[in-house]
Structures are given as C-alpha cells and as structure tokens.
Amino acid sequence: SRVGKVRPPFAEMSGSTAVGDLQELRRRKANMRPAQEVANRGGGDGDQEGMGDYEREYIEYFRQKYGDNPRSDFLGIDGMPLFCLIYIVIAGVVLSILYFSVYARHRNVFQPAGSALK
C-alpha cells in the first residue's frame, strides 16, 4: 500500500517552518553552485563572453553576497507601489515643513482677538 504513495522530502520534520525550508533550499543551492561555476568557466556563457577578470570578479562577489536574484523590494513592496509610497512620504515631509514654517511666523492667525474673549 505504501509503494504507490509519494512522500514529500520534509515529511519527517513535522515542525519544519518556511524559514527552515528556505534554509534547506539555500544549502542545496550552495551545493549546486560550485558545479555550475565549473560548467560556466569551461563553456563560457553568451552573456559573459566579453567580460574581463575584473568584471567577472565583481559579478561573483555580488552573487555570493546577495544571491543570484537580489531583492529590490522594500517592506514587501516593489515597482510602482514602492514609487508611490516614496512619493507620498516625500510629499508629506515637504508639505509638513512648509506648513510648520508658515505656522512659526503666524501663530495667532486662527486665534480670536484679545478683545473678543473679554
């Protein structure tokens, strides 16, 4: 009865989380990377043909430090929503500075005159 069933590779680890799975994927990817680097050096990819040692060293450094696909998102937001968030924050800061600079010069504009309170 167990012959036809396919078990997931992490079925034994009932307490595994997404973080644990992610770490396992990173380990597997790190083990596969040396074999890919040897194949790339021997065959020479089309995108790395015209590069010298200097450029190749930088590319290898950034791949080791940030991975093959560095994340460009911030707080899980990427692209146009990130641009809109930054635009709104900057506009809010600029408008707040303008408002408080006017307020600092004319604090009494919205207060009634002193004679009206008596």
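Read on for a plain summary of the structure. (Residues numbered from 1 in each chain as written. Predicted model: local features only at pLDDT ≥ 70, side-chain atom pairs only at ≥ 80, totals over all residues. Heavy atoms only, no water.)

1. Examining the pattern of salt bridges
Within the structure shown, the criterion is met by three salt bridges. Among the ionic pairs, Glu24 bridges to Arg27, the shortest N-O distance being 2.8 Å. Linking Glu24 with Arg27, this pair stays in helix H1 (residues 18-43), spanning three residues, or about one helical turn. Looking at Arg27, the relative accessible area reads 49%, which means it is partly exposed. Across the salt bridge formed by Asp53 and Arg56, the nearest N and O atoms sit 3.5 Å from each other. In this pair, Asp53 and Arg56 are both assigned in helix H2 (residues 53-66), three residues apart and thus about one turn of the helix distant. A residue is classified by how much of its surface remains accessible, and Asp53, at 62% relative accessible area, is exposed. One continuous salt-bridge network, built from bridges that share partners, spans Glu24, Arg27 and Arg28. (Salt bridge = Lys/Arg side-chain N within 4 Å of Asp/Glu carboxyl O. Helix = DSSP H or I, 4+ residues; strand = E, 2+ residues; numbered from the N terminus. Buried < 20%, exposed > 50% of the residue type's maximum accessible area, 1.4 Å probe, protein only.)

2. Here's the deal with the packing of aromatic side chains
Tallied over the full model, the rule gives six aromatic pairs. Taking 6.0 Å as the distance between ring centres and 35 degrees as the angle between the ring planes, the aromatic pair formed by Phe83 and Tyr87 counts as tilted. Remark: Tyr87 and Phe83 occur in helix H3 (residues 80-105); sequence separation between them is four residues, near one turn of the helix. Relative to Tyr103, the ring of Tyr99 has its centre 6.3 Å away and its plane inclined at 15 degrees; by these criteria the two rings are stacked. Here the residue Tyr99 and the residue Tyr103 both occupy positions in helix H3, the gap between them amounting to four residues, near one helical turn. Accessibility expressed as a relative area gives 51% for Tyr99, which makes it exposed. (Phe/Tyr/Trp six-rings, centres within 6.5 Å; stacked < 30°, edge-to-face > 60°.)

Nothing here speaks to function; it is geometry throughout.
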